[in-house]
Amino acid sequence: MTDLPDFNAMTDADFRALARDFVETNYPDIPRYTLGRLHWDEVKPWYLVLSEHGWICPTWPREHGGMGLTAGKHLILIEEFERYGAARVNDIGPVMLGPLLLKYGTEAQKAEFLPKILSGEHVWAQGYSEPGAGSDLAAVRCEAVLEGGDWVINGQKTWCTLGMDANWIFILARTDKTVKKQAGISFLLVPMDAPGVTTRNIENLEREAEFCEVFFDDVRVPADHIVGGVNEGWTAAKALLGHERVFIGAPRLSAAAMTRLKRIALRAGVWHDPVFRDRYVALQCDVADLGDLFETYVDKLRGGQTIGADVAMLKIFQSELYQRISELMMEVAGEEAGLAQAPEGDRQLHAAATWLSARPTTIFGGSTEIMRNMLAKAILELPS
Ligand SMILES: Cc1cc2nc3c(=O)[nH]c(=O)nc-3n(C[C@H](O)[C@H](O)[C@H](O)COP(=O)(O)OP(=O)(O)OC[C@H]3O[C@@H](n4cnc5c(N)ncnc54)[C@H](O)[C@@H]3O)c2cc1C
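Along each chain, residue indices are assigned from 1 in the same order as the chain's sequence is written. Under the rules for a predicted model, residues below a pLDDT of 70 receive no local features and side-chain atom pairs below 80 are neither given nor counted, while totals for whole chains, interfaces and linings still include all residues. Hydrogens and water are ignored here; the side-chain numbers use all heavy atoms of the structure.

1. Digging into the packing of helix 2 (residues 40-52) against helix 5 (residues 107-119)
Packed helices, taken two at a time, are described by their axes: the angle between them and the distance between them. Defined as follows: Fitted lines through C-alpha atoms give the axes, limited to the stretch in contact for helices. The angle between two N-to-C directions lies from 0 to 180 degrees. Put simply, DSSP H or I for four residues or longer makes a helix, DSSP E for two residues or longer makes a strand, and each gets a number counted from the N terminus. Roughly parallel means an angle under 35 degrees; roughly antiparallel, over 145; roughly perpendicular, 65 to 115; everything else is oblique. Contacts: residue pairs with any heavy atoms within 4.5 Å of one another. Put simply, Ala, Val, Leu, Ile, Met, Phe, Trp, Tyr, Cys and Pro go in the nonpolar bin, Asp, Glu, Lys and Arg in the charged bin, and everything else, Gly too, in the polar bin.
Two elements in contact, helix 2 and helix 5, have axes whose closest approach is 8 Å; the angle formed by their N-to-C orientations is 120 degrees. With respect to each other, helix 2 and helix 5 are oriented oblique. Across the interface between the two elements, Y47, L48 and S51 of helix 2 pack against I117, L118 and S119 of helix 5. Looking at the contact of helix 2 with helix 5 residue by residue, the class counts come to four nonpolar, two polar and no charged.

Here you go:
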């Protein structure tokens, strides 16, 4: 890894130029402007480039191998990578587990796991959801029992994004059945190659294997593979969901979709239509507002503040805005909206692909209904 300059001391314009040059110079020969997620074998070259240059974990503190970027600089980085169409790397380690270990991990766990996230040696999956425990996450039934110095895990996880590519998974497991459900959950780190772990792929709406189910049959992990203490997993899980909702709230999906919407409108001949322009500009303003709101939360994260229930509004705003953009795209695309394949093989012009990719955004990371319930209860103090 090279010595990093003090990015935060640069002007925004200088940092933007640096980020632009970085991605243009270093992006490997892999697809750009992909709508779906690339698998590890496809995106690994980009992960490794980012890793070698010390750019893989933009928000981690520098003493732990991150770039230590302020929220504003992080947004610029996201914008420049999006502008170039850089593929999203498998970021469950950098974006989810890393910040959680920094907050709740032991020094030994930080020393063991953080460098392997940075180097790409460990590729992580998130094992929270189960059949019967999605919105009601505290209902997890996957169980871990201490036996001879090991946790012995039995149960099932589902909807694990790119879990088939991961060599480690963090899970929520029930470690005490006698207490209130939130109080009997622990957060465990499990290698996917441990005996007794099996996976089965699940296809997304575009018939691509994007998720998997993971089954645990008498899987043993050492007792110290627990983060945040026995039966303390719910606190860590909630903190992680707060982080997840901040990053899901990033404006990148919507901003990139606006670029595609413009191309589709030009192709359909409506770009100069005043009615279309009116709707386009309204969406553009919403994307700018979303960027401001996102920046507020990234600032909170960087300042070490706890992310409260109000982050639900960021998650709702982002996911519903992305869906609104995709719906206008479908209207504008006209008869091409119904095509199963991209027009002229150009995914950027494929309105249906964006529309399909926007559907799950109101489900993952907490569904819109649950987010509205959270706001109603915790912020508006309405009766539950
Ligand atoms: C693209 C994608 C990626 C995902 N990746 C992962 C991952 O990597 N790891 C992981 O662990 N999970 C992952 N998930 C799972 C995700 O977290 C769950 O799908 C989500 O929490 C909803 O749970 P569920 O699917 O069981 O639906 P359910 O909880 O069964 O909900 C079904 C419907 O009922 C509504 N509903 C439920 N309870 C209430 C209520 N109290 N009030 C009002 N409405 C309610 C919900 O809003 C939803 O519309 C992913 C999901 C998607 C779509």
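2. Re the site of the ligand
Note the threshold: Any residue with a heavy atom positioned within 4 Å of a molecule or strand is treated as near that molecule or strand. Pairs of N or O atoms are called polar contacts if they sit within 3.5 Å, as long as, within protein, a hydrogen donor faces a hydrogen acceptor (for residues adjacent in sequence, only side-chain-to-side-chain pairs). Areas reported as accessible are Shrake-Rupley estimates using a 1.4 Å probe. Residue values count occlusion only from the protein chains shown.
Close to the ligand lie 17 residues; S135, W159, T161, S367 and E369 are nearest. With respect to the ligand, the backbone of Q126 contributes an N or O atom lying 2.9 Å from a nitrogen atom. W159 has a polar backbone atom sitting 2.9 Å from a nitrogen atom of the ligand. Summarising the interface, the protein chains cover 64% of the accessible area of the ligand, which totals 980 Å² for the free molecule. If you list the elements that add at least two residues to the shell around the ligand, you get strand 1 (124-127), strand 3 (150-161) and helix 11 (368-379). A per-class count over the shell around the ligand returns eight nonpolar, eight polar and one charged.

3. Some remarks on unusual backbone geometry
The criterion, for reference: Only protein chains enter the accessibility calculation, which uses a 1.4 Å probe; a residue is then buried when its area is under 20% of its type maximum, exposed when over 50%, and partly exposed in between.
Look at E344: it is not a glycine, yet its phi comes out positive at around 55 degrees. Along the polypeptide, E344 turns up in the loop between helix 9 (312-333) and helix 10 (351-358). According to the relative accessible area criterion, E344 is exposed, its value standing at 68%. Positioned with a positive phi, E381 is a non-glycine residue whose angle comes to about 55 degrees.

4. Remarks on the pattern of salt bridges
Put simply, the rule reads: Any carboxyl oxygen of Asp or Glu that lies within 4 Å of a side-chain nitrogen of Lys or Arg is treated as forming a salt bridge with it.
Scanning the model with the defined rule gives 25 salt bridges in all. E130 is the salt-bridge partner of K157, the closest N and O atoms lying 2.8 Å from each other. One end of the pair, K157, is in strand 3; the other, E130, is in the loop between strand 1 and strand 2 (143-147), and 27 residues separate them in sequence. Between R372 and E320 there is a salt bridge, with its nearest N and O atoms 2.6 Å apart. Separated by 52 residues along the polypeptide, R372 in helix 11 and E320 in helix 9 bring together distant segments of the chain. Classification of E320 as partly exposed rests on a relative accessible area of 27%.

By themselves these figures say nothing about function.
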